[in-house]
Amino acid sequence: MSAVTPGTGWQDPNSLSVGELLGEVSRDLSSLMRQEVELAKAEARQSAKQAGKGAGLLGSAGVAATLSLVFLSVAVWWALGNETGRGWSGLIAERSRWTRAASASS
């Protein structure tokens with residue numbers, strides 16, 4: 001017993017029963033909840049992608065920092081090796097690196 005305005009698909013709320021109105025509200029609410037859940041899923045996917053990219057960049061920065069310390073250590077070893085001999089310079093370079101690491105952690 002609903003009165004639909006011809007050509008618009010719009011129903012006059014005054015002509016609808018309470019049950020029909022509650023049914024419409026229920027359908028609209030259900031549709032809204034489904035849309036909100038889909039939006040939340042899409043936002044979570046986007047956030048996870050960004051977090052993954054950030055973790056990858058952070059990991060590669062750590063690898064780069066470690067390799068730069070190794071190369072710096074080798075450079076110091078070779079520079080000292082010109083003055084004292086390669087064996088002693090290796091010992092001095094490693095000792096200084098471990099001393100810096102110990103002082104940085106405390």
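Refer to the structure above for everything that follows.
Chemist: Would you mind showing me how to read the overall build of the protein here?
Modeler: Looking only at helices and strands, the protein has 2 helices and 0 strands in total. Taking all 106 residues of the protein together, the buried fraction comes to 6%. Summing over all exposed atoms, the protein offers an accessible surface of approximately 8600 Å²; the carbon and sulfur share of this is 67%.

Chemist: Sorry, what's going on with the packing of aromatic side chains here?
Modeler: Under the definition given, this model contains 1 aromatic pair. Plain terms: the ring middles of tryptophan 77 and tryptophan 78 are 5.6 Å apart, the flat faces sit at 55° to each other, and that makes the pair tilted. For tryptophan 77, a relative accessible area of 29% translates into the label partly exposed.

Chemist: Quick question: what am I supposed to make of the pattern of salt bridges here?
Modeler: Pairs may arise between side chains of opposite charge once their charged atoms sit close together. Evaluated as defined, the whole model comprises 1 salt bridge. Note that lysine 41 and glutamate 38 form a salt bridge whose closest N and O atoms lie 3.8 Å from each other. Of the two residues, lysine 41 and glutamate 38 both sit in helix α1 (residues 18-84), 3 residues apart, roughly one turn of that helix.

Chemist: How should a nonpolar patch on the surface be read in this particular structure?
Modeler: A grouping of Val63, Leu67, Val70, Phe71, Val74 and Trp78 is seen on the molecular surface, where their side chains present a nonpolar patch of about 560 Å² in accessible area. Residue classification places tryptophan 78 among the partly exposed positions, given a relative accessible area of 44%.

Thresholds, definitions, all that
- Residues numbered from 1 in each chain as written.
- Predicted model: local features only at pLDDT ≥ 70, side-chain atom pairs only at ≥ 80, totals over all residues.
- Heavy atoms only, no water.
- Helix = DSSP H or I, 4+ residues; strand = E, 2+ residues; numbered from the N terminus.
- Buried < 20%, exposed > 50% of the residue type's maximum accessible area, 1.4 Å probe, protein only.
- Areas by Shrake-Rupley, 256 points an atom, 1.4 Å probe, with all protein chains shown as cover.
- Phe/Tyr/Trp six-rings, centres within 6.5 Å; stacked < 30°, edge-to-face > 60°.
- Salt bridge = Lys/Arg side-chain N within 4 Å of Asp/Glu carboxyl O.
- Patch = residues over 30% accessible without salt bridge, like charges linked within 9 Å, V, L, I, M, F, W, Y side chains within 5 Å.

Nothing here speaks to function; it is all geometry.
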